[in-house]
Amino acid sequence: MPDPRSLLSWAAGWETLGDNISRQLWLLDSEALCAEARRRTRLDDFGDPPNEPALSILANSLESEADLHPLGRFFMRVHLRELLETRLRLTQAWSGQSEALDAAVIERPVFITGMPRSGSTFLHELLAQDPDNRAPRVWEVMFPLPTKSTWPNKVDPRVRKADASLWCFRRLAPGADSVYPMRAWTPHECVAIHSYTLMSEEFVSTCRIPTYEAFLHAADLGPVYRWQKRFLQHLQLGSPSRRWVLKAPDHVYGLDKLLTVFPDAVIIQTHRNPVDALKSQIQLTQVLEAIYARPIARDQLGISEARKVKQISDYITRFRDAHRDAAGKFIDITYRELVSDPLEVVQRIYERLDIPLTEVAAERMRQLATARSRYQKPVASPTLEYFGLDPTAERERFAGYCSRFGIPC
């Protein structure tokens, strides 16, 4: 019978060999990535904001901290290269459209943010059912530039391309649908738009990169939101102006800059018992990180995610307490009331926005709420103890947040 230690040593040797080969083939180097993107597009100008220092810090953090497996390294390199190529093409397209883009006014956009795993995705999808609302769809965020083969009155080939990409994603991450179902027509998160600036929480949510995360949370996010505004103006060119409905829990890190760039924005903040949110967040992180990296110990994962959820709750509380004059811009929604009566929550939001909820929109929302039964039933999840956390201690850590927003803990 083979010695188990020999088998482990043999497996470790193959793992090291795979890492070395993949690093030689797909090195994550900022200069090389930019050079390849320029070569493939035959374009040179990435526009604003500059790629650096964000790209170098991201690439170095991925190389030294993320523990990427070979397939994950390949996926990340392709993703970064495609982001850079799209940046080059968008900069070229926008250079001759300045007046038209400036004229595409964005009025009173609605941003959904708050505690992670607190129903913000469900609420985003509900509001997107209203024909008077406009949400960025996955396919147009992934592929924002029309292709030459786009024909009127037929399915845009970018939709098919997005469907194919997402089908592959679901094969690689079979648990993704249970925590974050996504299709080509699904309303997309703003972090995907921010990714084009290389300053996005998307990278933090999919890889363990503490150096980049620290850089991102200390950075001026004003250029990121100016980029988002231009991106949204690009998407609405040639279409009737509608109310933008946007979403990302990570907007809590940049609310000051968001409201500077979108001064008439309305912020819907979703809240949930942080202990429940933490358990769900751990599940999501396990699924996302497995696409790119090797798993870490359960207790390390628990500590890391508990820190992130506490950080978000602190950002929410500090901003709201420091900007009480902006209270009229915020609409607070709890996860409990959203899952128990979605239409009542939407009606309350529309009353605050002082806009009518048409019967057409309400019926479409009812149909979606009925179809999304997963929001009506609790999903079994491992306990916090399983991840090395003490539920009593976690409840105490979040007592201030719960008290501030009336959340039972």
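None of the values given here were measured: they were computed from a predicted structure.

Procedures and definitions
- Residues numbered from 1 in each chain as written.
- Predicted model: local features only at pLDDT ≥ 70, side-chain atom pairs only at ≥ 80, totals over all residues.
- Heavy atoms only, no water.
- Buried < 20%, exposed > 50% of the residue type's maximum accessible area, 1.4 Å probe, protein only.
- Helix = DSSP H or I, 4+ residues; strand = E, 2+ residues; numbered from the N terminus.
- Pairing = 2+ DSSP bridges.
- Core = buried A, V, L, I, M, F, W, Y, C linked by side-chain atoms within 4.5 Å.
- Contact = heavy atoms within 4.5 Å.
- Salt bridge = Lys/Arg side-chain N within 4 Å of Asp/Glu carboxyl O.
- Axes fitted to C-alpha atoms, helices over the stretch in contact; angles between N-to-C directions.

Burial analysis of strand 1 (residues 110-114) places 5 of its 5 residues in the buried class, the great majority of the element. What you see with strand 1 is no split at all: Val-110, Ile-112 and Gly-114 on one side and Phe-111 and Thr-113 on the other are buried throughout. In this structure, strand 1 lies alongside strand 3 (residues 243-247), joined through 3 bridges in parallel fashion. Paired with Val-110 across the two strands is Val-245, which belongs to strand 3. Here 5 bridges tie strand 1 to strand 4 (residues 266-271), and the two strands are oriented parallel to one another. Along strand 4, the bridge assignment pairs Val-110 with Val-266.

Ranked by size, the top nonpolar core spans 59 residues in total, and within it Leu-62, Leu-80, Phe-203, Tyr-212, Phe-231 and Phe-262 carry the most contacts. Looking at this core element by element, the count peaks at 7 residues for helix 4 (residues 70-95). Ignoring sequence-local partners within four residues, the contact set of Leu-80 consists of Leu-28, Leu-33, Leu-58, Leu-62, Leu-198 and Phe-203.

Pairing between side chains of opposite charge can happen when the charged atoms of each approach one another. Applying the stated rule across the entire model yields 25 salt bridges. In this structure, Glu-85 engages Arg-81 in a salt bridge whose closest nitrogen and oxygen atoms are separated by 3.1 Å. One end of the pair is Glu-85 and the other is Arg-81, both in helix 4 and 4 residues apart, which spans about a single turn. Across the salt bridge formed by Arg-348 and Glu-337, the nearest N and O atoms sit 2.9 Å from each other. Note that Arg-348 is positioned in helix 18 (residues 342-353) and Glu-337 in helix 17 (residues 335-340), a separation of 11 residues in sequence. Residue classification places Glu-337 among the partly exposed positions, given a relative accessible area of 22%. Three or more residues are tied together by salt bridges with common partners; here these are Glu-36, Arg-40, Arg-77, Arg-81, Glu-85 and Arg-89.

Following Asp-48, the chain continues into Pro-49 via a peptide bond in cis, with omega recorded as 0°. Take Pro-49: it is sitting in the loop between helix 2 (30-41) and helix 3 (54-65). Omega for the peptide link from Glu-52 to Pro-53 comes to 10°, which places this bond in the cis form. One non-glycine residue with positive phi stands out, namely Asp-67, at about 55°. Here Asp-67 shows up in the loop between helix 3 and helix 4. Of note in the backbone geometry, Asp-354 takes a positive phi value of approximately 60° without being a glycine. Structurally, Asp-354 is set in the loop between helix 18 and helix 19 (359-371).

One open sheet accounts for 5 strands, arranged 2-3-1-4-5; its pairing is parallel. Each edge of the open sheet carries a strand with a single partner, namely strand 2 (133-134) and strand 5 (330-334). Against the sheet, helix 6 (residues 120-128) makes contact with strand 1, strand 2, strand 3 and strand 4, and its axis sits at roughly 165° relative to strand 3, the strand it touches most.

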